[in-house]
Amino acid sequence: MNLIAAVDKNWAIGLNNKLLVSIPEDMKFFRKTTTGKVVVMGRKTLESFPNGLPLKNRVNIVLTSDVNYKVKDAIIVHSMEELLDELKKYNSEDIYVIGGESIYRQMVDLCDVAHITKIDYEYQADSYFPNLDEKEEWEITADSEEQTYFDLEFYFLKYEKKK
């Protein structure tokens, strides 16, 4: 399974249920990478999308403890056990965990690839991605040239679990 996220210098991913910054190249990479695949997210992540609607051209799986939660065109699960059962129906390589913080924390050890857009800036934030640089089992296996968006510098990094 894969993780995909944009993080700042401190591995921050959001503030008040919003992304820290919207970088067109990162959005394009996210769309290209996840289209036609399975995306796993929490309820708050889904609700942060335009009109709170699932992403088009993907299987959207939402983990929430709210048993009454319903969303058209999304699969709703209510526990990790239920989520893992649902994920057995798909090829592991086609599954992308897309947030937020609690979902990343619950899923990071089950994943073996992480696509991280690392932004060279420190934002005010209230949600974070697990710091893969501090986890011995993860290593950077690919990185892009420095990218820029106005005055922001960022890199596309691929982390993989050591075999």
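Scroll up a little and you will see the structure.
So, how was this worked out
- Residues numbered from 1 in each chain as written.
- Predicted model: local features only at pLDDT ≥ 70, side-chain atom pairs only at ≥ 80, totals over all residues.
- Heavy atoms only, no water.
- Buried < 20%, exposed > 50% of the residue type's maximum accessible area, 1.4 Å probe, protein only.
- Helix = DSSP H or I, 4+ residues; strand = E, 2+ residues; numbered from the N terminus.
- Pairing = 2+ DSSP bridges.
- Phe/Tyr/Trp six-rings, centres within 6.5 Å; stacked < 30°, edge-to-face > 60°.
- 1 Å grid on protein atoms, 1.4 Å probe; cavity = no way out; pocket = protein on both sides within 12 Å on 5 of 7 lines; lining within 4 Å.
- Points joined across faces, edges and corners; volume = space filled by probe spheres on them.
- Nonpolar A, V, L, I, M, F, W, Y, C, P; charged D, E, K, R; others polar.
- Core = buried A, V, L, I, M, F, W, Y, C linked by side-chain atoms within 4.5 Å.
- Contact = heavy atoms within 4.5 Å.
- Arc of directions from axis to C-beta.

Turning our eyes to something else, we now look at the pairing of strand β1 (residues 2-7). Moving residue by residue along a regular strand, the side chains alternate between the two faces of the sheet. Of all six residues making up β1, five are buried, and the element is well covered by its neighbours. Here β1 pairs with strand β7 (residues 95-99) via two bridges, running parallel. Looking at the pairing, Leu3 lines up with Val97 of β7. Taken together, the six bridges between β1 and strand β8 (residues 113-119) define a ladder with parallel strand orientation. Counterpart to Ala5 in the pairing with β8 is Ile116.

With that settled, consider the packing of aromatic side chains. Overall, the coordinates contain seven aromatic pairs when judged by the stated rule. Geometrically, the ring pair formed by Trp11 and Phe129 is stacked, given 5.9 Å between the ring centres and 25° between the ring planes. One end of the pair, Trp11, is in the loop between β1 and β2 (12-15); the other, Phe129, is in the loop between β9 (127-128) and β10 (138-143), and 118 residues separate them in sequence. For the pair formed by Trp11 and Phe129, the shared burial category is buried.

For the rest of this paragraph, the subject is empty space enclosed by the protein. Per the stated rule, a full pass over the model turns up one cavity of 30 Å³ or more. Empty space within the largest cavity amounts to approximately 40 Å³. Around the largest cavity, the lining residues are Ala6, Ile13, Leu19, Leu20, Val21, Asp26 and Ile119. Of the residues that constitute the lining of the largest cavity, the class distribution is six nonpolar, no polar and one charged.

This brings us to the nonpolar core. Soluble, globular proteins show a tendency: their nonpolar side chains are buried together. Leu3, Leu87, Ile116, Phe129 and Leu132 are the most contacted members of the largest nonpolar core, which totals 27 residues. Counting only elements with at least two residues in this core, the list comes to β1, β4 (38-42), β5 (59-63), α3 (80-87), β7, α4 (101-107), β8 and β12 (152-161). Contacts of Leu3, omitting those with residues within four sequence positions, involve Val97, Tyr104, Val108, Cys111, Val113, Ala114, His115, Phe129 and Trp138.

Read from one edge of the open sheet, three strands run β3-β2-β9, paired in antiparallel fashion. One side of each edge strand has no neighbouring strand; the edge strands of this open sheet are β3 (18-19) and β9.

Right, let's get into helix α1 (residues 24-34). Owing to its 3.6 residues per turn, the α-helix brings residues three or four apart onto one side. Taken together, the buried positions of α1 are Asp26, Thr33 and Thr34. Projection of α1 onto a plane perpendicular to its axis shows the buried side chains occupying an angular sector of 80°, all on one side. Buried residues in α1 make contact with β1, β4, β7, β8 and β12. Residue Gly36 follows α1 closely and has a positive phi angle near 80°.

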